[in-house]
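Read off the chains here:
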Amino acid sequence: MNTCLAPCPVVFDLDGTLIDSAPDIHATVNAVLRIHQIAPLTLDQVRSFIGGGVDLLWRRVIAATGLPAEAHRDLVASFMTRYHDATALTRLYPNVAETLGVLADRGHPLGICTNKPMRPTKALLEHFRLASVFAAVIGGDSLPQRKPDPAPLRAAFSLLGADPVKPLGLYVGDSEFDAECAKNTDVPFLLFTRGYRKSDPSEMHHTARFDDFADLPGLIEQQSEIARA
Ligand SMILES: O=C(O)COP(=O)(O)O
Ligand SMILES: [Mg+2]
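Residues numbered from 1 in each chain as written. Chains lettered and ligands numbered in written order. Predicted model: local features only at pLDDT ≥ 70, side-chain atom pairs only at ≥ 80, totals over all residues.

Test applied: UniProt positions are given in the numbering used here, feature names are shortened, and annotations may be inferred rather than shown by experiment.
Identification of the chain as Phosphoglycolate phosphatase from Paracoccus aestuariivivens is taken from an unreviewed UniProt entry. Per UniProt, the chain carries the Cofactor (unreviewed entry) text "Mg(2+)". One UniProt comment on the chain, placed under Pathway (unreviewed entry), says "Organic acid metabolism; glycolate biosynthesis; glycolate from 2-phosphoglycolate: step 1/1."

### Considering the UniProt feature "active site" (unreviewed entry) in the chain
Rule in force here: Runs of H or I in DSSP of at least four residues are treated as helices and runs of E of at least two as strands, each being numbered from the N terminus. Contacts here follow a simple rule: the backbone-placed C-beta atoms of the two residues must lie within 7 Å.
With numbering aligned to this structure, UniProt lists the feature "active site" (unreviewed entry) at D13. Position of D13 among the secondary structure elements: in the loop between β1 (10-12) and β2 (19-20). Aside from chain neighbours lying at most four places away, what touches D13 is C113, T114, V172, G173, D174 and D178.

### Structural notes on the nonpolar core
Buried together is how nonpolar side chains tend to be arranged in soluble globular proteins. To keep things clear, this is the line we draw: Take the buried Ala, Val, Leu, Ile, Met, Phe, Trp, Tyr and Cys residues, join any whose C-beta atoms are within 7 Å, and the set you get is a nonpolar core. Three exposure classes are used. Buried residues have 20 or more other C-beta atoms within 10 Å of their own C-beta, exposed residues have 12 or fewer, and partly exposed residues fall in between, all C-beta atoms being placed from the backbone.
Counting residues in hydrophobic clusters, the biggest one holds 37 residues, and the most contacted among them are V10, V11, I112, A156, L170 and Y171. Excluding residues within four positions of it along the chain, Y171 makes contact with V11, L153, D178, A182, V187 and F189.

### A few points about the site of ligand 1
What counts, and what does not: As used in this record, a residue near a molecule or strand is one whose C-beta atom, placed from the backbone, is within 6 Å of it. Amino acids outside the nonpolar list (Ala, Val, Leu, Ile, Met, Phe, Trp, Tyr, Cys, Pro) and the charged list (Asp, Glu, Lys, Arg) are all regarded as polar, and Gly is one of them. Boundaries of every domain are those given by an automatic assignment or by a domain database.
Taken together, 13 residues lie near ligand 1, and L14, D15, T114, N115 and K116 sit nearest. Tallied by class, residues from the shell around ligand 1 come to three nonpolar, seven polar and three charged. Residues lining the shell around ligand 1 come from more than one domain, with at least three contributed by each of domain 1 (10-20 + 90-228) and domain 2 (22-83).

### Some words on helix α7 (residues 151-159)
Residue pairs three or four apart in sequence face the same way in an α-helix, which turns once every 3.6 residues. All of the buried residues along α7 are P152, L153, R154, A155, A156 and F157. In the core, the buried residues of α7 are packed alongside β1, β4 (110-113), β5 (136-138), β6 (170-173) and α8 (176-185). Looking at the residues trailing α7, positive phi occurs at G161, about 95°.

### Some points on the sheet that holds β4
Here is the rule: In this scheme, strands are said to pair when DSSP sees at least two bridges between them. Note on geometry: axes are C-alpha line fits, over the in-contact stretch for helices, and angles between N-to-C directions span 0 to 180 degrees.
The sheet built from six strands is open, its strands ordered β5-β4-β1-β6-β7-β8 with parallel pairing. Every other strand in the sheet has two partners, leaving β5 and β8 (208-210) as the edge strands with one partner each. Going from strand to strand, the sheet's axes swing by 20° on average, the running direction of each strand aside. Bridging between β1 and β4 involves three bridges; their strand directions are parallel. Its bridge partner lying in β4, V10 is registered against L110. Packing of α8 onto the sheet brings it into contact with β6 and β7 (189-192), and relative to β7 it is tilted by some 175°.

### Structural notes on the packing of helix α3 (residues 54-65) against helix α4 (residues 72-83)
To keep it simple, the criterion reads: With respect to orientation, any angle under 35 degrees is reported as roughly parallel, any angle over 145 as roughly antiparallel, any angle of 65 to 115 as roughly perpendicular, and every other angle as oblique. A clockwise turn of the near helix away from the far one marks a right-handed crossing, whereas an anticlockwise turn of less than a right angle marks a left-handed crossing.
The geometry of α3 relative to α4 is characterised by a closest axis approach of 10 Å and an angle of 120° between their N-to-C directions. With respect to α4, the element α3 is oriented oblique. For the pair α3 and α4, the crossing hand works out as right-handed. Each of V54, D55, W58, R59 and I62 in α3 lies in contact with α4, whose residues at this interface are H72, L75, V76 and F79. Of the residues assigned to the contact of α3 with α4, the class counts are six nonpolar, one polar and two charged.

Laid out in structure tokens, this is it:
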């Protein structure tokens, strides 16, 4: 059983949770496809490929376009040269900045656990002036494992000072990868329903769900009270 006595660590997913980054990922994928004279994919298609990190994104792009599987490595390399500063089309979801401020003021140690590689993750956090808010940032290339493996989330909680074997805290995310990861890590999962999930929320593992970041501080208080009871 997880307990949160002091303000508990809260770790966030990034793409589809704090930020709507699909338009930049979509534009960057299509820039690479253009070089190979492949017709662009739609925003909806690319959005549905996000969540498992860059390798999986490109396996899905290859499957959708008929590009040869052997090209995967070169396509990923070409994508990465453009991905690290793809910030122009990305937006914070409404009330994210305010809510992070409230949680930080209440003393919650805050972290990020994303399958996005570290370089674009850091670029986006700098871009939105959020880098100093997070005491722990784990990206998709920080460890050999990626979500839904519990190792990256455990590492984030550990950097925030929680017990790495039995993490004390909450995970906030949008996708099936996050839900599974929270389950595998044995931490309560708060599902943001306006991100890039593919299943109906009722079919996804979660402790509680929300569709507006303005509601998150109250939800976190509630979860802390339940854990204390
Ligand atoms: O980049 C991805 O595919 C997923 O990133 P996320 O873990 O922040 O949702
Ligand atoms: Mg996500």
